[in-house]
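# Geometric and topological summary
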Amino acid sequence: MIGQAEDFRQESRALTRLLYEQPYSAFREPTQFKGWTFVDVLQHLHFWNCMAYYQLTDPDKLLWHLQEMKASGGWMRAYENSLLSHMSEGALLTEYVSWFEWTADMFAEADPKARLKWAGPDMSARSSITARLMETWAHGQEIYDHAGVVRQNEDRISNIVMLGVNTYGWTYATRKCEPPGPMPHLVLKAPSGAIWTHGEPSTTSRIEGLAEEFCQVVTQTRNIADTSLKLTGDVAADWMRKAQCFAGPPSPPPAPGTRYTRKVTAA
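Procedures and definitions
Residues numbered from 1 in each chain as written. Predicted model: local features only at pLDDT ≥ 70, side-chain atom pairs only at ≥ 80, totals over all residues. Heavy atoms only, no water. Axes fitted to C-alpha atoms, helices over the stretch in contact; angles between N-to-C directions. Helix = DSSP H or I, 4+ residues; strand = E, 2+ residues; numbered from the N terminus. Parallel < 35°, antiparallel > 145°, perpendicular 65-115°, else oblique. Contact = heavy atoms within 4.5 Å. Nonpolar A, V, L, I, M, F, W, Y, C, P; charged D, E, K, R; others polar. Core = buried A, V, L, I, M, F, W, Y, C linked by side-chain atoms within 4.5 Å. Buried < 20%, exposed > 50% of the residue type's maximum accessible area, 1.4 Å probe, protein only. Left-handed = near helix turned anticlockwise from the far one by under 90°. Pairing = 2+ DSSP bridges. Phe/Tyr/Trp six-rings, centres within 6.5 Å; stacked < 30°, edge-to-face > 60°.

### A word on the packing of helix α2 (residues 38-57) against helix α3 (residues 59-71)
Where α2 meets α3, the closest approach of the two axes is 6 Å, and the angle between their N-to-C directions is 140°. Between α2 and α3, the interaxial angle falls into the category oblique. Two secondary-structure elements touch here, α2 through Phe47, Trp48, Met51, Tyr54, Gln55 and Thr57 and α3 through Pro59, Lys61, Leu62, His65, Leu66 and Met69. Grouping the constituent residues of the contact of α2 with α3 by class yields 8 nonpolar, 3 polar and 1 charged.

### Regarding the nonpolar core
Core analysis: the biggest nonpolar cluster contains 35 residues, and Leu15, Leu19, Phe27, Leu42, Tyr96, Phe107 and Ile143 have the highest contact counts within it. With 8 residues, the top contributor of residues to this core is helix α5 (residues 89-108).

### Re the packing of helix α7 (residues 158-166) against helix α9 (residues 211-218)
The geometry of α7 relative to α9 is characterised by a closest axis approach of 9 Å and an angle of 50° between their N-to-C directions. With respect to each other, α7 and α9 are oriented oblique. The handedness of the crossing between α7 and α9 comes out as left-handed. Only Ala211, Phe214, Cys215 and Val218 of α9 make contact with α7, whose side of the interface consists of Ile160, Val161 and Gly164. Of the residues that constitute the contact of α7 with α9, the class distribution is 6 nonpolar, 1 polar and no charged.

### Structural notes on the pairing of strand β5 (residues 206-210)
Sheet analysis places strand β3 (residues 185-189) next to β5, joined by 5 bridges and oriented parallel. The partner of Leu186 across the bridge, within β5, is Ile207. Taken together, the 3 bridges between β5 and strand β6 (residues 230-232) define a ladder with antiparallel strand orientation. Bridge pairing in β6 places Arg206 opposite Thr232.

### Some words on the packing of aromatic side chains
Under the criterion given, the structure shown has 15 aromatic pairs. Ring plane angle 75° and centroid distance 5.9 Å describe the contact between Tyr54 and Trp99, whose orientation is recorded as edge-to-face. Of the two residues, Tyr54 is situated in helix α2 and Trp99 in helix α5; the sequence distance between them amounts to 45 residues. Accessibility classification places Tyr54 together with Trp99 in one group, the buried group.

This is the structure we're talking about:
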């Protein structure tokens, strides 16, 4: 069984609870992430949750969608919108919930090491559902921020910390350069208060602070300048300026001060 499937389910449910508290009028307002609306976020998460479901149930359907997306010009958001724009806010939210539950159910029973087709290289079932968790958490941040809600994280973000650790080299590979040195030692405080450590112990190359802020930096939902993470050494500073735990071409983090929890005045 894949424990990350339940973590994905619980993160998705937490986001859903927040969305059900928002008026549908808020679903069309631009957020701090590239002007995406709640509808954009839901369309994106829902589409790729469906594709993950097809990884296990109908790989040919997954590949068909990927080919159709490429044939239509390859712009991901345009393709997602073409399939889902006919749905009302409420219908989209309802369908999103149904599909993430089905996807969680399927992955919970899957072989963690099974190799699955995807848009990029094949990946393991465990890696696939962990990526869905990471995307849900990361894109959920713009919804929490726009709604003016400080997210109460759980220790399931350990999966995102691990993704950040595992993609240390990737951050540089996607920029076609070598890491400037070994990964800094991480000393992170979990939401539960536990201390998580990764990497070789060091007092000269080190990152210390809240695990959730480390997750925000590696998913690029916050600039390092907008966190309280303590960086020691040039390698730590360089990594946190560029960290990218998701696939794709090099992506710059948001500019300092542009991603934050809004102060929302009650109507």
